[in-house]
Amino acid sequence: MRVITFFLVGLLVHVVFFISIFDIYFTSPLVHGMTPQSVPLPPPASRLVLVVADGLRADSLYLPLDNGSSRAPYLRSVVERRGSWGVSHTHVPTESRPGHVAMIAGFYEDVSAVAKGWKENPVEFDSVFNESRHTWSWGSPDILPMFAKGASGEHVYTHTYPAENEDFASTDASRLDTWVFDQVKAFFQSARINSTLKTMLQEDQNVFFLHLLGIDTNGHAHRPMSKEYLENIALVDAGVAELVTLFDEFFNNDGRTAYVFTSDHGMTNWGSHGAGHPSETLTPLVAWGAGLNSAQRVTDPQQYTDGYLQEWKLEGLRRVDVNQADIAPLMASLIGVPIPLNSVGELPLLYLNNSDHFKAESMYANSIQILEQFKVKMAQKKNTTLPFLFTPYQLLTESRQAELIGQARVLIQLEKFEEAISLCRSLISSALEGLVYYHTYDRFFLGCSVVLGFVGWTSYVVLLILKTHTSLRRPPTRPNQKSGRALVWVCVCVTLLIGVFLLLQRSPLTYYIYCLLPVPVWYSVLRECGTLMDLLRSAPSLPLWKCLGYFVLVTFGIELLVVSFFHRAMLTLGLLVFSVWPFLSGLYTQAKFHSICWVLGCLAMSAVPMMPVVGREANVHVVTCAGGLTLFTSACYVWSSRRRTPLLCGHLQLLLSQMVHVAVCACVPTLTHSSLQHKQGLPLSNQIISWATLGSSLLVPLLSSTRLFQRLLSILLSLTSTYLLLSTGYEALFPPVLSWLMFVWINMEQEAMHSQGVTGRQELSGIDFSDSVDITKIRQLKLDDIRRSYFFVFFIITAFFGTGNIASINSFDPASVYCFVTVFNPFIMGGLMMWKVIIPFIVVMCSFESIQVATQLSSRSLILIVLVISDLMALHFFFLVQDYGSWLDIGTSISHYVIVMSMTIFLMLLSVVTRVLTSRRVYLWRRRKMHFP
């Protein structure tokens, strides 16, 4: 198979494996066609006011000051006298969109839908706003349009400020909240003279939504413990107090207004959110007004054991915690609108101040509403499954559903409200379990198909390595046409059977891909069974103990890499083991200086995974020091290389200009953060330098010398400039330390090749990337090449997790991109953070390319081994997903599977980028022959 063909096929296969995890675990839970359920009793409130303080942590609101007072005195007084309170528990990812969807629509949005847009609805869903008579909303342009678009009718009105106002470099982000409160005041002022608007406001089932983004913006820019963040909480508290007075005056103190104050997510101490830390998942919930309980005094110890009651000085007041999705049925019940059709929340009755009859009817409507979803889901799955294969959810058969509904209705008629409520809760629990059952009905079947394809692909790659890149050679034999035709017919028959089965089940198109992919893969494997037979025949002549030792080491190494995804300290352990490699292999006696440098490089790199996650403690002065370290090492190389391989004047000038550019980029973060601290905004000159550096980072190295170390130095200087601009602390030291270790690795591998007696050794300083490949000098794979490939995979994982880069994506810290942009834009900011993650990848890949050239190996041979190692890791995570029971553990393993598959796809794509970077011009890369033995 030609290199290009294999590359495209491998890329396609891995893309299918990558997408499969979303189709298996992240399909939308929404169903349509349910009947709205209403409570047949008058609601306690005519209107609802929902105030969401974006990014507000529970402890930031509830924790009293040292003198015993509160930074939010009005809301504290509500908690102590007028309302009910508790903690709203959010779900991962703790981001604004899924948080608001959970609160207002009552369901936890499909994770894959979060990435489809912040301002558009990737799926249609019902919400409390949609069910209301009128909804007026004020706040961020990122949140409000979600609930206006898709609403039936034109009854959801949005008032947003320009997106440019969401600036992390703003002199005062709290002005976003001031704008909202001012707009609400102006709105009611205009309603006094606008009779039509006044009439609309006097109607029932109205909702007023205030989205306050200032706290979140100040938290990102200054951290949650900052003066700006805490003062913003006081401003919001004062604004809520004025808001309540405004409503009381406008509606003549009719006592028909219900208030709900909460947050979409919290925030870590270092100013980020997105993951599952308690500071991100615990948000405040305060509810008061019409239909809501006032403060309930308790004397007995409450059931909560987290210690927050004592810390917040609220142990004498009843605390009622809820899941975030429970807020939607609570709001719907207060104003008497149907609970959103796709809501999975359970009505928190302890918040309601109403009759037992009303509570029972509300719980009954809640249970029927969730049961309706269960019925639709069951019908859908029944219609797409052959009758003899369909297994219904036993706890809620059709007869059992009718029985439970009838019992609940009778209990309410007999005024046995407590028993009816208990029965409805049981029905809700069973219906939710049934929803999960049918939502995951095909998960095992699809998982088996993907695993079958995975195992087949890995087996094919292993056989391809044995056949084309080892000394195992088959004598030419005449192909057995009869067995070949039989194999083709078997595969055709299997394909037809699978296709007919999926057609009868009316399966979606993606099911055909996952189920049919293993057929051509295993056909390719079975065609190469002769290679396996040859290996078995030659087994007696192989160094079996050495092979067994390598097998054990590789198995242990893969397990180490898998565990490192959960515990970064495992990377430190691996690097410490790597440091003794020269002594175990005997290289120390042959190359003492390089061996000592290798040990020091491994020890220096081993300290990085033990450091805190990037973004927790910003220190831009370290960035400047990292730039100085890069300049020092670069200057040392330029000075020392003049004796061995003198640089041409033009190439030397380019390297010197790149070094000056690194010095400039090392100072830009300090100047930028200083300007932001003084609230002077992002300097335009710094922004121009940053974007120009980013745009030229992959182009400038193409102009440098094609000598091995000179080209690598140019690539390092160019990429380090961008990395410095994206750094906020110690992670800026990562590229120079990594590059040092890569430089030593290249030298060590050539020494290892020389110790194995490989002829034709070439001095590293004399290797030129632009030279054509001499196919006659390309050697076959040896067992030691497995170690080289494993080192590469390990260094790639270290490049990814070394500074906790995954945390800076999952728990996004905008401070990393302040040199480029300060106005909130999740796609630009996310893209910049992804580029920051990729930069160390390119450094490692360019070094690996150099090792392939220096050790006289074809690129394809080592990349095949790398694919096998990465695929085995991905398969390991896929099995972990099947074994875990809790969603948190499943989500963690899924994210790790996605990371491994993304890295594999990235490596295949970056291999092309690496070839371009290490060639003088693109046409020179194309000129090199790409057919390897």
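Residues numbered from 1 in each chain as written. Predicted model: local features only at pLDDT ≥ 70, side-chain atom pairs only at ≥ 80, totals over all residues. Heavy atoms only, no water.

S.K.: Which residues make up the nonpolar core, and what values go with them?
M.R.: Counting residues in each nonpolar core, the largest one holds 141 residues, and the members touching the most others are Trp-598, Phe-792 and Phe-795. The element that contributes the greatest number of residues to this core is helix H35 (residues 826-854), accounting for 16 residues. Here Phe-792 is in contact with Trp-745, Val-844, Met-845, Phe-848, Val-866 and Leu-907, once residues within four sequence places are set aside. Core analysis: the next-biggest nonpolar cluster, separate from the first, contains 69 residues, Ala-105, Phe-129, Ile-339 and Leu-435 among them. (Core = buried A, V, L, I, M, F, W, Y, C linked by side-chain atoms within 4.5 Å. Buried < 20%, exposed > 50% of the residue type's maximum accessible area, 1.4 Å probe, protein only. Helix = DSSP H or I, 4+ residues; strand = E, 2+ residues; numbered from the N terminus. Contact = heavy atoms within 4.5 Å.)

S.K.: Can you tell me about the packing of helix H31 (residues 708-725) against H35, naming the residues and giving the values?
M.R.: Two numbers describe how H31 lies on H35: the axes approach to 10 Å, and their chain directions differ by 175°. Comparing the axis directions of H31 and H35 gives the class roughly antiparallel. Between H31, through Leu-708, Leu-712, Ile-715, Leu-719, Thr-722 and Tyr-723, and H35, the contact on the second element is made entirely by Trp-835, Lys-836, Ile-839, Pro-840, Ile-842, Val-843, Cys-846 and Ser-850. Among the residues forming the contact of H31 with H35, the class breakdown is 11 nonpolar, two polar and one charged. (Axes fitted to C-alpha atoms, helices over the stretch in contact; angles between N-to-C directions. Parallel < 35°, antiparallel > 145°, perpendicular 65-115°, else oblique. Nonpolar A, V, L, I, M, F, W, Y, C, P; charged D, E, K, R; others polar.)

S.K.: Describe the sheet that holds strand S5 (residues 206-212), and please don't skip the residues or the numbers.
M.R.: Strand pairing in a sheet is mediated by backbone hydrogen bonds. Such pairs are either parallel or antiparallel. Here we have eight strands laid out as an open sheet, ordered S4-S3-S5-S1-S6-S7-S2-S8, and mixed in their pairing. Every interior strand has two partners, whereas the edge strands, strand S4 (156-160) and strand S8 (322-323), have only one. Where strand S1 (residues 47-53) lies against strand S6 (residues 257-262), six bridges are found, and the strand directions are parallel. Looking at the pairing, Val-51 lines up with Phe-261 of S6. (Pairing = 2+ DSSP bridges.)

S.K.: Mind laying out the confidence of the model for the chain, listing which residues take part and the relevant values?
M.R.: Mean pLDDT over the chain works out to 84, with 86% of the residues at or above the 70 mark. Residue range residues 884-888 is modelled with pLDDT below 50. Its contacts to residues more than four positions away, or to other chains, number eight contacts. Low confidence marks residues 920-933, where pLDDT is under 50. Its contacts with residues over four positions away, or in another chain, come to 32 contacts. (pLDDT = per-residue confidence, 0-100.)

S.K.: Please provide a residue-by-residue account of the environment of Thr-268, values included.
M.R.: Position of Thr-268 among the secondary structure elements: in the loop between S6 and helix H12 (278-281). Here Thr-268 falls in the buried class, since its relative accessible area comes to 1%. As for Thr-268 and Gly-55, which are separated by 213 residues in sequence, their C-alpha atoms are 9.6 Å apart. Setting aside its immediate chain neighbours within four residues, Thr-268 contacts Arg-57, Pro-224, Ser-279 and Glu-280.

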